[in-house]
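# Reading the structure
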Amino acid sequence: MIDVQKEYEQDILDTQIIWEQQEELRRRAYMEQQEQFRQEMLRQQEINEQIIRENARQFVNQMPSAHDVTAVSLNGNVDNTFAGNAIPYEPIVPSQIFDSQARQMATAMGGFGGRKVLLVNTVCGTGSVGRLVAGLYHTLEEHGYECLVAYGRGEAPSDIRAYRIGTDTDVYIHGAMSRLYDRHGFYSRRATQDFVSMIKEYDPDIIHLHNLHGYYLNIEVLFAYLKKCGKKIIWTLHDCWSFTGHCSHFEYIGCTKWMNGCFKCEQLKEYPKSFGMDSSIQNYKDKKELFTGIDDLTIVTPSEWLKDKVQQSFLREYPVVVVPTGIDLTRFYPYPETLTEDNLIYRIKNRLSLRNKTIILGVANPWRERKGLLQFHLLAKTLSDRYAIILVGLNDKQIADLPEGIVGLSRTDSPEELAALYSMADVYVNLTLEDTFPTTNLEALACGTPVVTYKAGGSPESIDDTCGETVDRNSVQGVVAAIEKIMASKGENYTVEKCLRRAQLYSKEYRFLEYIQLVYEAL
């Protein structure tokens, strides 16, 4: 019997050299395109500055001599219209310039170089948040900041100045105690005391926190220092753990206890798992006391959905800035299909018997019910046989349990392989029932593939009606209708070009610069 999975993996190995050559050519073409785009944005910036100067001149000329200039404010005024007691007039700013995403990205960085930044996260350089931290580190360094990353697990890339908080043994002990007593974040005391000593010695101007959960930090020790250190503090939240008594996500079960006080937690078996006590009441109380009342703290979220949750929580006292996650558009872009044996898509389709099929793709790691696995089982039973569903990231047991109509593939760590799969799909379907801001939607769009997603968490925020459809949660029939709508409209709407245009908004380079402009320089 042919082992499809092994043959599939061999195909990938066989085409690796060809892929690398093709990728280098595409990378060069992409960088040339990005340089042209950057030059255009700089040109628009010059126009913006001329218009702003003209607006200011008109404003000054129209002010009464006794006008109180202290009443004039531009704070939060993105269209550069003046507020205060000035005589009103119609600014000459073309709206299309200020409606452009490039308006933010083309703005020159201010003179804040030389400031020291400490970035803190569970990992550095691996995982979605770890890669974000590493990318932000390099972008800050390029703009004159001095950076250090403190992390708690694994290893950091060699090109990053890093400090490891604690040891593997500390992590194991912290994890074991959390499972017994449900006090995640209240162990690793000695490791955190040593970390605080390092912070005092490094003396950063800005402390940028990311994920503090992950069995490596003691939040009592850390926040006792943060409350009195006098530093500028940024805290980027990637989930909801910071304002609950236990869980990192609650939308799947519809829990609202976090709004007033957690108790009798229904998700003790979810991360961070506890097989013993339920300490959600005490955890909530302690977090509220520790995480509030800090001067100069700004919260960043990747989605409007999470911002809304923060503003309903005990963290509502802090300003919240939304900076969506970006992706690497030099790794995710349309992979061309040719009818030759050296083409990866051609070989995948042949090996998996996908010729003449409309391909639906789903990607997750790990797959579980709240990520939509059972929803795909239902979808497979509803779609006609002209469709084929491919799910990437399944374990062996999940693959064995798949119903007819679904092809299961194990996790891939190869962006090249993933780009080919995204490009091969006719529609990318994300049936997650809870998520903060899934980057798989962005990766699919960057490969020219339209997206259908449930209205769950921040998942709908990355798409509009030119590149995808959103559906009410648990509505499999709605998903089928959305897929058929996209397939019927291809060539007019949901085109590769429209998907790529949307994906351009989430280039990681622009999002890192947005971090600097909207968060760092705003401090």
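Residues numbered from 1 in each chain as written. Predicted model: local features only at pLDDT ≥ 70, side-chain atom pairs only at ≥ 80, totals over all residues. Heavy atoms only, no water.

### Regarding the overall build of the protein
When helices and strands are tallied, the protein shows 18 helices and 13 strands. A fraction of 68% describes how many contacts in the protein between residues 6 or more apart in sequence connect residues 24 or more apart. For the protein, the accessible area works out to roughly 24,200 Å², and carbon and sulfur atoms hold 50% of it. (Helix = DSSP H or I, 4+ residues; strand = E, 2+ residues; numbered from the N terminus. Contact = heavy atoms within 4.5 Å. Areas by Shrake-Rupley, 256 points an atom, 1.4 Å probe, with all protein chains shown as cover.)

### Digging into the side chain of Glu 434
By the secondary structure assignment, Glu 434 is in the loop between strand S11 (427-430) and helix H15 (439-446). Within the structure, the side chain of Glu 434 is placed 3.0 Å from the backbone nitrogen of Tyr 252, a separation counted as a polar contact. For Glu 434, the side chain forms a polar contact with the side chain of Arg 370, separated by 2.8 Å. Excluding residues within four positions of it along the chain, Glu 434 makes contact with His 249, Phe 250, Glu 251, Tyr 252, Arg 370, Lys 371 and Ala 456. (Polar contact = N/O pair within 3.5 Å; in protein donor to acceptor, adjacent residues only side chain to side chain.)

### Concerning the pairing of strand S12 (residues 451-454)
Because side chains alternate across S12, one face comprises the buried residues Val 451 and Thr 453, and the other comprises Val 452 and Tyr 454, equally buried. As judged from the three bridges shared by S11 and S12, these two strands associate in the parallel manner. Across the sheet, Asn 430 pairs through a bridge with Thr 453, a residue of S12. In this view, the connection linking S11 to its parallel neighbour S12 by way of H15 has right-handed handedness. Pairing of S12 with strand S13 (residues 468-471) involves four bridges; the strand directions are parallel. Looking at S13, one finds that Val 452 is bridged to Glu 469. (Buried < 20%, exposed > 50% of the residue type's maximum accessible area, 1.4 Å probe, protein only. Pairing = 2+ DSSP bridges. Right-handed = clockwise from strand over helix to strand, strands pointing away.)

### What to know about the sheet that holds strand S10 (residues 406-409)
With parallel pairing, the six strands of this open sheet are ordered in space as S10-S9-S8-S11-S12-S13. Each having just a single partner strand, S10 and S13 make up the two edges of the open sheet. Strand-to-strand, the axes of this sheet are offset by a mean angle of 20°, without reference to chain direction. Judged from the six bridges that link them, strand S8 (residues 358-363) and strand S9 (residues 387-392) form a sheet pairing that is parallel. By the bridge assignment, Gly 362 is partnered in S9 with Leu 391. Packing of helix H14 (residues 415-424) onto the sheet brings it into contact with S8, S9, S10 and S11, and relative to S8 it is tilted by some 140°. (Axes fitted to C-alpha atoms, helices over the stretch in contact; angles between N-to-C directions.)

### A few points about the nonpolar core
Residues Leu 118, Val 120, Phe 195, Leu 212, Phe 223 and Phe 243 are the most contacted members of the largest nonpolar core, which totals 48 residues. With 36 residues, the next largest nonpolar core counts Ala 420, Met 424, Cys 467 and Ala 503 among its residues. (Core = buried A, V, L, I, M, F, W, Y, C linked by side-chain atoms within 4.5 Å.)

### Focus on helix H7 (residues 189-202)
Between its terminal C-alpha atoms H7 stretches 20 Å, which fits the 20 Å expected from 14 residues at 1.5 Å a residue. Taken as a whole, H7 has its buried residues at Ala 191, Thr 192, Phe 195, Val 196, Met 198, Ile 199 and Tyr 202. Buried residues of H7, viewed axially, fall in a sector of 160°; they line one side. Facing away from the buried surface of H7 by more than 90 degrees, the exposed residues are Arg 190, Lys 200 and Glu 201. Buried residues in H7 make contact with strand S1 (116-121), strand S2 (146-151), strand S3 (162-164), helix H6 (168-181), strand S4 (206-209) and helix H8 (219-226). Count one or two residues on from H7 and you reach Asp 203, which has phi positive near 55°. (Expected span 1.5 Å × (residues − 1). Arc of directions from axis to C-beta.)

### Notes on the sheet that holds strand S7 (residues 320-322)
Spatially, the seven strands line up as an open sheet ordered S3-S2-S1-S4-S5-S6-S7, and their pairing is parallel. Of all strands in the sheet, those with a lone pairing partner are S3 and S7, marking the two edges. Each strand of the sheet is rotated relative to its neighbour by a mean of 20°, with strand direction disregarded. Where S4 and strand S5 (residues 232-236) come together, four bridges link them in parallel fashion. What sits directly across from Leu 209, in S5, is Trp 235.

### Regarding the packing of aromatic side chains
Across all of its chains, the model carries 14 aromatic pairs by this definition. Taking 4.7 Å as the distance between ring centres and 15° as the angle between the ring planes, the aromatic pair formed by Phe 250 and Trp 258 counts as stacked. Residue Phe 250 is classed as buried on the basis of its relative accessible area of 3%. Here Trp 258 falls in the buried class, since its relative accessible area comes to 3%. Measuring from ring centre to ring centre gives 5.6 Å for Tyr 422 and Tyr 428, while their planes differ by 70°; the resulting arrangement is edge-to-face. Through pairs of rings, three or more aromatic residues link up here, namely Phe 223, Trp 235 and Phe 291. Across from the ring centre of Tyr 202, 4.4 Å away, lies the NZ or CZ of Lys 116, which sits over that ring. (Phe/Tyr/Trp six-rings, centres within 6.5 Å; stacked < 30°, edge-to-face > 60°. Lys NZ or Arg CZ within 6 Å of the ring centre and 35° of its normal.)

### Quick look at the packing of H8 against helix H9 (residues 280-291)
Orientation of H8 relative to H9, taken along the N-to-C sense of each, is 25°, at an axis distance of 9 Å. One way to sum up the angle between H8 and H9 is to call them roughly parallel. Where H8 crosses over H9, the two elements pack in a sense that is left-handed. Residues Ile 219, Glu 220 and Phe 223 of H8 touch H9, and the partners they reach there are Lys 287, Leu 290 and Phe 291. Among the residues making up the contact of H8 with H9, the classes are represented as four nonpolar, no polar and two charged. (Parallel < 35°, antiparallel > 145°, perpendicular 65-115°, else oblique. Left-handed = near helix turned anticlockwise from the far one by under 90°. Nonpolar A, V, L, I, M, F, W, Y, C, P; charged D, E, K, R; others polar.)

### Section: the environment of Ala 380
Along the chain, Ala 380 turns up in helix H12 (residues 373-382). It is 5.7 Å that separates the C-alpha atoms of Ala 380 and Gly 405, two residues lying 25 residues apart in sequence. Contact partners of Ala 380, with chain neighbours within four places excluded, come to Ile 389, Pro 403, Glu 404 and Ile 406.

### A closer look at the confidence of the model for the protein
With 78% of its residues at a pLDDT of 70 or more, the protein shows a mean pLDDT of 84. In this model, residues 55-111 is a region of pLDDT below 50 whose contacts with residues beyond four sequence positions or in other chains number 77 contacts. (pLDDT = per-residue confidence, 0-100.)

### Thoughts on a nonpolar patch on the surface
Together, Leu 180, Tyr 181 and Met 277 make up an exposed nonpolar region whose accessible area comes to about 290 Å². Here Tyr 181 shows up in helix H6. (Patch = residues over 30% accessible without salt bridge, like charges linked within 9 Å, V, L, I, M, F, W, Y side chains within 5 Å. Salt bridge = Lys/Arg side-chain N within 4 Å of Asp/Glu carboxyl O.)

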